[in-house]
Amino acid sequence: MTIENKKGWISWFNPFRYGTDRWMYSLHRLTGIILGFYLIAHVWETSHILDGPITWNSLMVFLDYPFGPHFGPFILSGVLLVAVYHALNGIRLTIVENGLMLPKPYRPEFPYRPKSLKGLNNVLKILLGVLMIIISAIGIYFIFTGVIL
Amino acid sequence: MQEIALKGFGEVLKTVTFRVRRYDPEKRELAKYMEYKVPVQMGMTVLDGILYIKEHLDHSVSARYSCRMGICGSCGMIINGKEQLACQTQILELNKDLIKVDPMGNYPIVKDLVPDLSKLFRNHGSVKPYIIREEEEPKSEFIQTPEQREEYAMFTDCILCGMCLSACPTNATDELYLGPQSLAQGYRYITDNRDMGFNERLNVLDSKHGVWRCHFSGACSEVCPKGVDPALGVQLLRQLLTSNSFVKYKQKEATKGPERKSVSGVS
Ligand code: SF4
Ligand code: FES
């Protein structure tokens, strides 16, 4: 008699001891789930426009000051970071999952560091980081000041 | 130089604690952890530690192993949170006083550290891991250049340890997923120029639980003890299948060598 030993969905969020790609996978899952909830909340929020201008305006004010002054922009910045990461990593995955920018089959040599997780794939990861910093900096600046850089 | 290398050889350098997950099918209890103190000498692997426990402390600890040299792929287990071959993991190199040993995940457990790998073998078999030809008995050899061999050679190093399936996060939730090992082997046979079985494998590889379920977390390549890089195989297979839906993929037919008069009686 055997017992089940499935790692289950909780192991999606266990990137420790594996490599960068595994970390990015966990983050991609996490940001995807957050974005899913955000989209539902967003539809619910904008549906209030049907209740007339007074409800709508008071909701807007509430969302700007949910827990004290100007907490709203912080939440919005968080959503921006999440969306930017998910989008950029999605583009990277579209590239590498189609076998592009990956090495050709090679001869494994001790100490057996996988080459598919390095090389141009690493260049893409660095590019992702740089783009993420630039886009989020512009976006967050806009959220807090209303000025596009 | 030699003296330094041999210093401490044969003497107990430190004592580490092994925390081993135990499950006894006859006792009708849940799995639990038991701790054992193991004196460590230079060169001792985790497998040696488990065998020490078996010999001196608790005879009922069970584990799979055979070759003790990283060839048979029997002794995969989760050591300090990462899938590793117990016979290839030096205790001193782990540099920890507590070593947590778990059986591989995503497989049913038979006892203690022994997983039931039949899922791995079933999936491996389902991609038809052999060369498929139309003719019944070949009359001549198939010619393969060294370059043609390089296209798939790295995937032949797989020792079927099954650690990639244990590390794979997709496999953790999708019971029917083929897994990196089988997908990489499917790629290995498709790109072999002697093989003609692309269409026969297509319905297994290009299915709901096939190659498209991979999310390229790279964990399989990270834990592979032979550097097979199954994640690379899966992505290349995906590239092949994607381009196949635009331009039909044609397997390179191997050129045949001179025909033999008679092959009977040779074997
Ligand atoms: S691909 Fe690597 S980790 Fe997976 S079964 Fe083969 S040798 Fe083991
Ligand atoms: S005992 Fe054979 S691989 Fe470890």
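Residue numbers run consecutively from 1 along every chain, following the written order of its sequence. Just so you know, chain letters begin at A and ligand numbers begin at 1, following the order they were written in. Owing to the predicted nature of the model, reporting of local features is limited to residues with pLDDT of at least 70; listing and counting of side-chain atom pairs is limited to 80 or more, with chain, interface and lining totals taken over all residues. Side-chain metrics rest on all non-hydrogen atoms present in the structure, leaving aside hydrogens and water.

**Description of the overall build of chain B**
For the record, the criterion: Think of it this way: any DSSP run of H or I at least four residues long counts as a helix, any run of E at least two long counts as a strand, and we number them from the N terminus. Throughout this description, buried means an accessible area under 20% of the type-specific maximum (1.4 Å probe, protein chains only), exposed means over 50%, and partly exposed covers the range between. Surface accessibility follows the Shrake-Rupley procedure with a 1.4 Å probe radius. Residue values consider only the protein chains on display as shielding. Counting rule for charge: Lys and Arg are taken as positive, Asp and Glu as negative, and neither His nor the chain ends is counted. A charged residue contributes its charge at one atom only: NZ of Lys, CZ of Arg, CG of Asp or CD of Glu.
Assigned secondary structure in chain B consists of 10 helices and 7 strands. Along the longest, intermediate and shortest principal axes, the C-alpha atoms of chain B span 65 × 45 × 35 Å. Looking at chain B as a whole, 51% of its 267 residues qualify as buried. A total accessible area of about 13,100 Å² is found for chain B, and carbon and sulfur atoms account for 52% of it. With 35 positive and 34 negative side-chain charges, chain B shows a separation of 3 Å between the mean positions of the two kinds.

**Digging into the domain arrangement of chain B**
All names here are of chain B. Here is the rule: For every domain, the bounds stem from an assignment made automatically or drawn from a database. Whether two residues are in contact is decided by their heavy atoms: any pair within 4.5 Å suffices. As used here, buried area is the combined drop in accessible area, with a 1.4 Å probe, of two parts when they are placed together. Salt bridges are defined as contacts in which a side-chain nitrogen from Lys or Arg sits within 4 Å of a carboxyl oxygen from Asp or Glu. The definition of a polar contact used here is a pair of N or O atoms within 3.5 Å, where within protein one atom must be able to donate a hydrogen and the other to accept one, and adjacent residues in sequence count solely through side-chain atom pairs.
Taken domain by domain, chain B holds domain 1 (2-115) and domain 2 (118-244). Look at where the C-alpha atoms of domain 1 and domain 2 centre, and you get two points 30 Å apart. Contacts between the two partners involve 15 residues from domain 1 and, on the opposite side, 16 residues from domain 2. Each partner contributes to the roughly 1,200 Å² buried at the junction of domain 1 and domain 2, and carbon and sulfur atoms together form 54% of this total. For domain 1, the biggest contributors to the area lost against domain 2 are Glu83, Asn106 and Tyr107; these three give 50% of the whole. Counting across the domain 1 and domain 2 interface gives 0 salt bridges. One can count 6 residue pairs in polar contact (both at pLDDT 80 or more) joining domain 1 with domain 2. Contributing elements (two or more residues each) for the side of domain 1 that touches domain 2: strand 3 (76-79) and strand 4 (82-85).

**Notes on the side chain of Arg22 of chain A**
Tracing the backbone through its elements, the reader meets Arg22 of chain A in helix 1 (residues 20-46). For the buried Arg22 of chain A, no salt bridge is present, and the opposite-charge side chain at shortest range is Glu83 of chain B, 8.4 Å distant.

**A few points about the pairing of strand 5 (residues 98-102) of chain B**
Side-chain direction in a regular strand flips from residue to residue, so the side chains alternate between the two faces of the sheet. Residue and element names in this part refer to chain B. Condition: Whether two strands pair depends on DSSP finding at least two bridges between them.
Inspection of the sheet shows strand 1 (residues 12-22) paired to strand 5 by 4 bridges, in the parallel sense. Note on strand 5: the bridge partner recorded for Arg19 is Lys100. Sheet analysis places strand 3 next to strand 5, joined by 2 bridges and oriented antiparallel. When the bridges of strand 5 are listed, Ile78 appears paired with Asp102.

**Describing the interface of chain A and chain B**
The following threshold applies: Residues are grouped as follows: nonpolar covers Ala, Val, Leu, Ile, Met, Phe, Trp, Tyr, Cys and Pro; charged covers Asp, Glu, Lys and Arg; every other residue, Gly included, is treated as polar.
Between chain A and chain B, the residue contacts involve 37 residues of the former and 54 residues of the latter. For the pair chain A and chain B, the summed buried area comes to about 3,800 Å², and 54% of that belongs to carbon and sulfur atoms. Counting across the chain A and chain B interface gives 4 salt bridges. Residue Lys6 of chain A is joined to Glu175 of chain B by a salt bridge in which the shortest nitrogen-to-oxygen separation is 3.3 Å. Connecting chain A to chain B are 21 residue pairs in polar contact (both at pLDDT 80 or more). At the level of secondary structure, the elements contributing two or more residues to the side of chain A that touches chain B comprise helix 1 and helix 3 (72-97) of chain A. For the side of chain A that touches chain B, the element with the highest residue contribution is helix 1 of chain A, accounting for 4 residues. Class assignment of the residues belonging to the side of chain A that touches chain B gives a composition of 17 nonpolar, 9 polar and 11 charged.

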